[in-house]
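Summary of structural features
Each chain, letter by letter, is given below.
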Amino acid sequence: MKFFIDTANVEEIRKAHDMGLIDGVTTNPTLISKEGRDFRPLVSEICEIVDGPVSVEAVSAKSEDLVAEARTLSEIHENIVVKIPMTFEGLRAVRILTSEGIATNVTLIFSPTQALLAAKAGATYASPFIGRLDDVSHVGMDLVEQIIAIYDNYDFNTLVIVASIRNPIHVLEAALMGADIATIPYTVLEQLAKHPLTDVGVERFLDDWKKIPKK
Ligand code: E4P
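Overview of the structure. (Residues numbered from 1 in each chain as written. Predicted model: local features only at pLDDT ≥ 70, side-chain atom pairs only at ≥ 80, totals over all residues. Heavy atoms only, no water.)

1. Considering the pattern of salt bridges
Rules: Any Lys or Arg side-chain nitrogen located within 4 Å of an Asp or Glu carboxyl oxygen qualifies as a salt bridge. Accessibility here uses a 1.4 Å probe with only protein chains present; expressed as a share of the type maximum, an area under 20% marks a residue as buried, one over 50% as exposed, and anything in between as partly exposed.
Taken as a whole and judged by the stated rule, the model has 8 salt bridges. A salt bridge links R37 to E45, with the nearest nitrogen and oxygen atoms 2.8 Å apart. Exposure remark for R37: the relative accessible area of 34% places this residue in the partly exposed category. Note on E45: relative accessible area 25%, which makes it partly exposed. One salt bridge in this structure joins D135 and R166, with 2.8 Å as the shortest N-O distance.

Have a look at this one:
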């Protein structure tokens, strides 16, 4: 299972990378806007930190504009993956970009049939948004289960990125289902490592170690 970090914050990316925990990065316009920095240098810096796919979003509406934007984005760095919205125009753009060898990540997927279309268009990655489904009382992880079943049925090469992750249970369930990738916010990465019994255990062992006579 691969872990991507879902942030545009270079400090978070660096910390997660230094821990050896991440294989790639996903960003979106909301995450980029939080950084208050110029787009291109920020994305270039991220690409220099992580030797793996870095998703950045194309924001055009028409397929020809999405294709033009994606070509420009892909010139920033060889690891750029272009996020394309899950629309008909987006699917047309994915088809063209795939034929040109530009990696795509179809984003804002909320149904299994959308994921099926993304795979048929030749997307490199498909991103179901789990937390946002949970927010509107749909079980987000059910969608991941269905997408994995569909992709397995037909041996699609499109990789599933479980996105909009809000807590460690999302990561656990994604791992149990065999999802290819989870893209995880930094705070959730930290939560994954923590357990109160580990903290208590470490403290007790340290205390007892002090009681041992040492030459
Ligand atoms: C994924 O690529 C997106 O950047 C992200 O997971 C969106 O998550 P949100 O619902 O927390 O905004």
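2. Some thoughts on the environment of N9
The cut-off we apply is this: Labels follow the DSSP assignment, with helices taken as runs of H or I lasting at least four residues and strands as runs of E lasting at least two, numbered in each case from the N terminus. Here a polar contact means two N or O atoms within 3.5 Å. Within protein one must be a hydrogen donor candidate and the other an acceptor candidate, and residues neighboring in sequence count only if both atoms are side-chain atoms.
By the element assignment, N9 lies in the loop between β1 (2-6) and α1 (10-18). Under the relative-accessibility criterion, N9 is labelled buried at 17%. In the structure, N9 is positioned 52 residues away from A61 in sequence and 27 Å away in space, judged by C-alpha atoms. Here the side chain of N9 touches E35 through a polar contact of 3.2 Å, side chain to side chain.

3. Some details on the site of the ligand
Where we set the bar: Note on terminology: near, applied to a residue and a molecule or strand, indicates that one of the residue's heavy atoms is within 4 Å of it. Nonpolar residues are Ala, Val, Leu, Ile, Met, Phe, Trp, Tyr, Cys and Pro. Charged residues are Asp, Glu, Lys and Arg, and all others, Gly as well, are polar.
Neighbouring the ligand are the residues D6, T26, N28, L31, K83, F129, R132, A163, S164 and R166. A distance of 2.7 Å separates an oxygen atom of the ligand from a polar side-chain atom of D6. Among the residues making up the shell around the ligand, the classes are represented as 3 nonpolar, 3 polar and 4 charged.

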